[in-house]
Amino acid sequence: MTDYPYLFRPLDLGHVTLSNRVLMGSMHTGLEELGDFDRVAAYYARRAEGGVALMVTGGMAPNREGGVLPGAAGLFTDKDMANHTRVTAAVHDAGGRIAMQILHAGRYAYSPECVAPSAVKSPISPFAPRELDEEGIEKQVADIVEAARRAQLAGYDGVEVMGSEGYFLNQFLVTHTNRRTDRWGGSYENRMRLPVEVVRRVRQAVGPEFIVIYRLSMIDLVPDGSTWDEVVRLGQAIENAGASILNTGIGWHEARIPTIATSVPRAAFTWVTKKLMGEVAIPVITSNRINSPEVAERVLAEGCADMVSMARPFLADPDFVKKAKAGVARTIAPCIACNQACLDHTFEMKIATCLVNPQAAHETELVYEKTEEPRRIAVAGAGPAGLSAAIVAAGRGHAVTLFDRAGEIGGQLNMAKRIPGKEEFHGLVDWFATMLAETGVTLRLNTEADVEALAGFDEVVVATGVAPRDPGIEIAGGQVVSYIDILTGRVTAGRRVAIIGAGGIGFDVAEFLTHEGESPTENLEAWLEEWGVADPGEHRSGLAPEGPRPSPSPREVSLFQRKSERPGKRLGKTTGWIHRASLQMKGVKMVGGVSYDRIDATGLHLTRQDGTREVVPCDTVVLCAGQTSERSLADALEASGITSHVIGGADVAAELDAKRAIDQGARLAASL
Ligand code: NAP
Ligand code: SF4
């Protein structure tokens, strides 16, 4: 008997039966563009082994103009065919099923060659698209159909036609981007002609025994998007055109409402998919911020969908399904929806991986082999770097003892989990605790790891982390505290707060100080109101007419930095805008280009870039001026002649984050 009866019900698609209700959603890793298809095959095969019913590849361009950027992976040449065939063979050998996503980016293509229904530039691309003529439209349809036919020849079990997120097909659907007056524009019947025609001709080309998923934008979250009636009409037309399954898309990429970030409540948009249930006869998949078997089961049990799609959770743990089935869901590495190692990497043109699981998309390169020579390893510091090193080393068979002077594991993660919108960090710390127990790490909390305690071990890993940097500003009075004082609750800030330092932690502290009571991330209704999301059945595109309605901040907060660039510029590529927008909604002043003169009882004295001096009246000044390495243990060990491995913030404090710490810990442990 499974804990998740809805999740493990088979799904009959006619010519094929899926073994459970979990789809691994499309996720671009960048591996295809590397051209190393051994890695691509290993990545998908590893996930197939984990028991997911069906996977969808990252988006494959049907032609040059449709690629998300020049050189984007596709399926047009004979070499492409050979490469894709290797992927499908590896997946099938591992007992899995895989569909290829066909992604035509339209005006989102980062290329001067981009094409679209109308020459309307998107706000997230520097290139204005070329408006397609009749012949040009026919070419796009033919290329998409050809990509589907080739996918079938390459051994895929199906295709997903990407019709959401504001990409090419979506651009035809709404007047926001389709200004045409011919048979492809104007009335809704005309605007939906292209997606429906694509699905009809794809089905015609591939025959009945091939899965055709259509990803449909159910709530556009942009001005002049679809109405709910139009969504239903499209879903029904796509079904009639021959699709096997409808998948959910939430929000266009240019939407100014977060849809997958960690501050988005879990399963925040499954109610939208639920509205389509009963309107079509084919199975419907829901998605966005579903990251545990419990949430997935609830979504299915509540009738929100026939199947759930999860993408990032399969980077975090390829064995998600297998572990849920075996009743050990507690050991599933949780996706915390941070985007730091997956989507942010993609936007930085780096190979995607996962903050929680550095092996993701690096399966052939970062291998945790069982050791043949178990050794006694001490790890000092139970922050992300130390935890990662400990569980990987112990998992490989070493005898690991983990020390921390604190009474709990987690280090700086314990600070992150207190920030409204970062509640997922609780799950990450809990998972580390589970894995310490599972791998048999001896945990010594409330214990200072000194030279004497570490002397008898074969290997010593120093992961003692960081200490807050003292920015050295003259303090002549007033309440001046560190971010640790605030986030641990040791100090309650006054009503007017100045924050010195606008890095990740300065932003986090501002978020913490401008919220009161329950976090909107834990309260869907409050979150939808905060960001201005409405029922698309009542308001076109799901945009509330009154816009975002955040709860007022209990404090007046200002955030300062010395650099003259826009504060928050260096935050995550895909999440920085959310942090900035969120603080703007709370009235936080974000000021760059200042120098600090002194702090006294009247407030923070500073000088602006133009030389004007100013006193910022405030009750509390919070120092978030970065970190310095905590190396006293490493130095003491060195002085005693004990060799150690120094990792995480103790190694390099600058721009330290959990991603680098966990990766470094895992890589060291893999090599011991
Ligand atoms: P940080 O990102 O390096 O920011 C430090 C801030 O302090 C900067 O704004 C810097 O700006 C200022 N600063 C540095 N030296 C100073 C000095 N001597 N006097 C006054 N101001 C000074 O460090 P952090 O905010 O402590 O965050 C640590 C790491 O945690 C970051 O690298 C970040 O990646 C990670 N983190 C990430 C997130 C996230 O959202 N992804 C959230 C929290 C933490 P100026 O030099 O211009 O004044
Ligand atoms: Fe999830 Fe973050 Fe890993 Fe991406 S990097 S898969 S968002 S935990």
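Since this is a predicted model, take the numbers as computed values, not measurements.

What follows covers the overall build of the protein. For the protein, the helix and strand inventory stands at 23 helices and 28 strands. In terms of C-alpha radius of gyration, the protein reaches 26 Å, essentially the compact-globule figure of 26 Å for 672 residues. In terms of principal-axis extent, the alpha carbons of the protein reach across some 75 × 65 × 45 Å. Within the protein, the fraction of its 672 residues that count as buried is 60%. Taking the intrachain contacts of the protein between residues at least 6 apart in sequence as the baseline, contacts between residues at least 24 apart amount to 72%. Summing over all exposed atoms, the protein offers an accessible surface of approximately 25900 Å²; the carbon and sulfur share of this is 49%.

The next subject is the side chain of E32. Turning to its location among the elements, E32 is positioned in helix α1 (residues 31-34). For the buried E32, no salt bridge is present, and the opposite-charge side chain at shortest range is R39, 10 Å distant.

Inspection of every chain in the model, using the stated rule, returns eight aromatic pairs. Ring centres of Y108 and Y167 lie 5.6 Å apart, and the angle between their planes is 85 degrees; on these two criteria the pair is classed as edge-to-face. With a gap of 59 residues between them, Y108 in the loop between β5 (98-102) and β6 (115-116) and Y167 in the loop between β8 (158-163) and α5 (168-173) connect regions that are remote in the sequence. Here F168 and F172 contribute two aromatic rings whose centre-to-centre distance is 5.2 Å and whose plane-to-plane angle is 80 degrees, an arrangement assigned as edge-to-face. Separated by four residues within a single helix, F168 and F172 lie in helix α5, roughly one turn from each other. Owing to a relative accessible area of 0%, F168 belongs among the buried residues under this scheme.

With that out of the way, let us pick up the site of ligand 1. Around ligand 1 lies a shell of 22 residues, among which A502, R562, K563, Q627 and L656 are the nearest. Measuring from an oxygen atom of ligand 1, one finds a backbone N or O atom of R562 at 2.9 Å. Within the backbone of A625, one N or O atom sits 3.5 Å away from a nitrogen atom of ligand 1. Taking 890 Å² as the accessible area of ligand 1 by itself, protein coverage stands at 81%.

Attention now goes to helix α21 (residues 576-585). Burial analysis of α21 places seven of its 10 residues in the buried class, the great majority of the element. Buried within α21 are the following residues: G576, W577, I578, R580, A581, S582 and L583. Contact partners of the buried residues in α21: α19 (504-513), α20 (524-531), β21 (556-560) and β22 (589-591). Phi for G587, located one or two positions after α21, is positive at around 75 degrees.

Now for the environment of E49. By the element assignment, E49 lies in helix α2 (residues 37-49). A sequence separation of 58 residues divides E49 from R107, and the C-alpha atoms of the two residues are 37 Å apart. When near neighbours in sequence (up to four residues on either side) are disregarded, E49 contacts A94 and K322.

If you walk through the whole model with that rule in mind, you get 37 salt bridges. For E138, the salt bridge is made with R201, and the minimal N-O distance between the two is 2.9 Å. Of the two residues, E138 is situated in helix α4 (residues 134-153) and R201 in helix α7 (residues 193-206); the sequence distance between them amounts to 63 residues.

One open sheet holds the five strands; their spatial order is β15-β14-β13-β16-β28, and the pairing between them is parallel. One side of each edge strand has no neighbouring strand; the edge strands of this open sheet are β15 (442-444) and β28 (645-646). In the sheet, strand β16 (residues 459-462) pairs with β28 via two bridges, with the strands oriented parallel. Its bridge partner being in β28, V462 is matched across the sheet by V646. The strands touched by helix α14 (residues 384-395) are β13 (376-380), β14 (399-403) and β16; relative to β14, the strand with the most contacts, the crossing angle is about 165 degrees.

For the rest of this paragraph, the subject is the domain arrangement of the protein. Under the domain assignment, the protein is made up of domain 1 (11-347), domain 2 (376-468 + 630-671) and domain 3 (474-515 + 553-625). Distance between the C-alpha centres of domain 2 and domain 3: 30 Å. When the two sides are added together, the surface that domain 2 and domain 3 hide from each other amounts to roughly 900 Å², 70% of it contributed by carbon and sulfur. For the domain 2 face of the interface with domain 3, the top three residues by lost area are M415, I419 and P420, together amounting to 50%.

If you trace the backbone, S519 turns up in the loop between α19 and α20. If we skip the residues at most four places from it in the chain, S519 touches P420, G421 and E423.

For the pair α7 and helix α8 (residues 228-241), the least separation of the axes is 8 Å and the interaxial angle reads 20 degrees. Here α7 is positioned roughly parallel relative to α8, judged by the angle of their axes. Between α7 and α8 lies a crossing of right-handed hand. Contact residues: P195, V196, V199, R200 and R203 in α7; L234, A237, I238 and A241 in α8. Taken together, the residues of the contact of α7 with α8 sort by class into seven nonpolar, no polar and two charged.

Procedures and definitions
- Residues numbered from 1 in each chain as written.
- Chains lettered and ligands numbered in written order.
- Predicted model: local features only at pLDDT ≥ 70, side-chain atom pairs only at ≥ 80, totals over all residues.
- Heavy atoms only, no water.
- Helix = DSSP H or I, 4+ residues; strand = E, 2+ residues; numbered from the N terminus.
- Rg over C-alpha atoms; globule rule 2.2 N^0.38 Å.
- Buried < 20%, exposed > 50% of the residue type's maximum accessible area, 1.4 Å probe, protein only.
- Contact = heavy atoms within 4.5 Å.
- Areas by Shrake-Rupley, 256 points an atom, 1.4 Å probe, with all protein chains shown as cover.
- Lys, Arg positive; Asp, Glu negative; His and termini not counted.
- Salt bridge = Lys/Arg side-chain N within 4 Å of Asp/Glu carboxyl O.
- Phe/Tyr/Trp six-rings, centres within 6.5 Å; stacked < 30°, edge-to-face > 60°.
- Near = heavy atom within 4 Å.
- Polar contact = N/O pair within 3.5 Å; in protein donor to acceptor, adjacent residues only side chain to side chain.
- Pairing = 2+ DSSP bridges.
- Axes fitted to C-alpha atoms, helices over the stretch in contact; angles between N-to-C directions.
- Domains from an automatic or database assignment.
- Buried area = accessible area lost by both parts, 1.4 Å probe.
- Parallel < 35°, antiparallel > 145°, perpendicular 65-115°, else oblique.
- Left-handed = near helix turned anticlockwise from the far one by under 90°.
- Nonpolar A, V, L, I, M, F, W, Y, C, P; charged D, E, K, R; others polar.

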